[in-house]
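What follows is each chain in one-letter form.
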Amino acid sequence: MSNIEHIPLTEKMQPACLDDYIGQEQIIGSNTLLQHLLTKGHVPSMILYGPPGCGKTSLANIIAKLSKEIHRDKVHVVKLSAASSGVNSIRDVINNSKKDSKMNCQTIVFMDKIHRFNKLQQDIFLPHIEAGTFSLIGTTTENPSYSLNSALLSRCRVFILYKLTVSNVVEILCKAISSINGEIYDSKIKTLSTISQNRSNVNSKLHFSINKSVIDWLAEVCDGDARVALNGLELAVKTKVWDKLSSPHLVSITLEDIKESLKQAHVLSDRQTNNSHHLYSALHKSIKAGKENASLYWLARIMAIKEDPVNIARRLVRISSEDIGLANIDALGTYKA
């Protein structure tokens with residue numbers, strides 16, 4: 001088995017350049033601010049904010065790679081994750097960045113999951129971003145207005161990424177299937193491209209076919225998360241193909257295969273149940289703190305996951321009575337939550 005087959009499909013499908021990047025046209029499309037900056041080779045400190053699987057890390061990698069190509073050997077990229085790095089790691093980066101700047105070399109620090117740093121830890125970035133010691137590219141799935149301190153936000157440009165559309169995910173899946181020697185067919189028009197079925201070297205290539213309707217279903221159910229879609233596809237392909245390596249026939253990946261692979265990751269469970277408690281808690285805290293814009297934001301998030309309006313109304317009444325107070329103490333005498 002070649003080493004490349006052990007690389008996860010999500011890693012294989014990392015775009016190499018902006019032309020390969022799918023989605024987020026509002027950020028990297030023609031005549032956008034970020035595109036102009038990257039074309040000139042200027043990488044400002046920035047925060048990439050968006051839901052999981054929308055392409056934040058991929059975009060950060062492309063930005064760093066493009067900067068290195070433009071400035072050749074005068075750019076040093078440091079990749080860290082706030083989940084596994086601490087303040088000491090940042091201090092080491094700062095010391096190395098100061099040495100690099102003396103040699104006229106720019107340092108770009110890519111900090112994944114930057115919201116994992118508390119607001120006191122985030123202060124370590126401030127003087128060095130302002131002094132130009134390095135450029136910071138941070139990625140987060142949490143609203144920067146609440147997860148990052150205001151001083152850091154004032155020194156960084158925030159770019160908002162949206163969840164991928166169904167057509168975006170379909171395009172990504174089609175490219176992925178092609179990259180692992182699969183074939184997509186449409187049962188409605190009953191066409192299937194011919195694919196080599198030579199099984200003499202089954203370990204070098206995995207051949208399979210999959211219906212276009214299955215791809216459409218997977219793209220829709222993953223809710224804009226390309227990572228979930230690719231992981232579900234990969235698990236289904238590996239499970240089905242490995243079971244039939246000795247078969248001379250083309251392996252077909254069915255809808256049931258995809259559903260089973262997603263169940264392994266619990267993707268088909270109620271996402272709303274898993275997320276609503278966090279959203280309601282944020283709404284409650286925002287109202288209690290008197291932050292009108294934050295309250296409206298979290299209320300909109302709750303409505304976006306299609307929570308029952310009755311449940312929303314009940315929670316708002318409860319918040320009002322507990323944290324705001326009642327002018328008439330008998331106003332809720334007949335109310336039953």
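In this text the structure is predicted, and so the values were computed from the model without any measurement.

A. Region of interest: the nonpolar core. Grouped together as the largest cluster of nonpolar side chains are 30 residues, with contacts concentrated most on Leu173, Phe208, Ile210, Leu218, Leu233, Ile253 and Ile258. Counting residues per element, this core draws most heavily on helix H11 (residues 226–243), at seven residues. Once residues lying within four places of it in the same chain are set aside, the contact partners of Leu173 are Ile215, Leu218, Ala219, Ala229, Leu230 and Leu233. Counting residues in each nonpolar core, the second largest holds 21 residues, with Tyr21, Leu38, Val77 and Ile137 among its members.

B. Broad picture of a nonpolar patch on the surface. Residues Val158, Ile160 and Tyr162 make up a contiguous nonpolar surface patch of about 270 Å² in total accessible area. The topology assignment puts Ile160 in strand S5 (residues 157–160). Exposure remark for Ile160: the relative accessible area of 40% places this residue in the partly exposed category.

C. The arrangement of the pairing of strand S3 (residues 106–112) in detail. Buried residues dominate S3, accounting for six of its seven residues. With seven bridges connecting them, strand S2 (residues 75–81) and S3 associate as parallel partners. Within S3, the position partnered with Ser81 by the bridge is Asp112. Read from S2 through helix H5 (residues 87–102) to S3, the crossover connection turns out right-handed. Note: S3 against strand S4 (residues 135–140), four bridges, orientation parallel.

D. Fine view of the layout of surface pockets. Quantified by volume, the second largest pocket comes out at close to 690 Å³. Along the walls of the second largest pocket sit 30 residues, with Gln14, Gly53, Gly55, Ser58 and Arg227 positioned nearest its centre. Sorting the residues of the lining of the second largest pocket by element identifies helix H1 (9–12), helix H4 (56–71), S4, helix H9 (166–179) and H11 as the ones contributing at least two each. Class assignment for the residues of the lining of the second largest pocket results in eleven nonpolar, ten polar and nine charged.

E. Spotlight on the pattern of salt bridges. Applying the stated criterion across every chain, the model contains five salt bridges. The salt bridge partner of Asp112 is Lys113, with a shortest N-O separation of 3.3 Å. Relative accessible area serves as the criterion here: at 17%, Asp112 is assigned to the buried category. A residue is classified by how much of its surface remains accessible, and Lys113, at 31% relative accessible area, is partly exposed. The partner of Asp223 in a salt bridge is Lys163, with the nearest N and O atoms 2.7 Å apart. A residue pair is termed long-range when its members are at least 10 positions apart, and Asp223 in the loop between helix H10 (212–221) and H11 and Lys163 in the loop between S5 and H9 qualify at 60 residues. Exposure remark for Asp223: the relative accessible area of 35% places this residue in the partly exposed category.

F. Molecular detail of the side chain of Ser85. Following the sequence through the fold, Ser85 ends up in the loop between S2 and H5. Take Ser85: its relative accessible area is 14%, and that puts it in the buried class. Once residues within four sequence positions are removed from consideration, Ser85 is found in contact with Leu80 and Phe117.

G. Focus on the sheet that holds strand S6 (residues 182–185). Spatially, the three strands line up as an open sheet ordered S6-S7-S8, and their pairing is parallel. Strands with a single pairing partner mark the edges of an open sheet, and in this sheet they are S6 and strand S8 (251–253). Taken pair by pair, the neighbouring strands of this sheet meet at an average axis angle of 30°, ignoring direction. On top of the sheet, H9 reaches S6 and strand S7 (208–211); it is set at about 135° to S6, its chief contact. Seen against the sheet, H10 touches S6 and S7 and runs at an angle of roughly 70° to S7.

Conventions used here
Residues numbered from 1 in each chain as written. Predicted model: local features only at pLDDT ≥ 70, side-chain atom pairs only at ≥ 80, totals over all residues. Heavy atoms only, no water. Core = buried A, V, L, I, M, F, W, Y, C linked by side-chain atoms within 4.5 Å. Buried < 20%, exposed > 50% of the residue type's maximum accessible area, 1.4 Å probe, protein only. Helix = DSSP H or I, 4+ residues; strand = E, 2+ residues; numbered from the N terminus. Contact = heavy atoms within 4.5 Å. Patch = residues over 30% accessible without salt bridge, like charges linked within 9 Å, V, L, I, M, F, W, Y side chains within 5 Å. Areas by Shrake-Rupley, 256 points an atom, 1.4 Å probe, with all protein chains shown as cover. Salt bridge = Lys/Arg side-chain N within 4 Å of Asp/Glu carboxyl O. Pairing = 2+ DSSP bridges. Right-handed = clockwise from strand over helix to strand, strands pointing away. 1 Å grid on protein atoms, 1.4 Å probe; cavity = no way out; pocket = protein on both sides within 12 Å on 5 of 7 lines; lining within 4 Å. Points joined across faces, edges and corners; volume = space filled by probe spheres on them. Nonpolar A, V, L, I, M, F, W, Y, C, P; charged D, E, K, R; others polar. Axes fitted to C-alpha atoms, helices over the stretch in contact; angles between N-to-C directions.

Everything listed here is a matter of geometry and, on its own, says nothing about what the molecule does.
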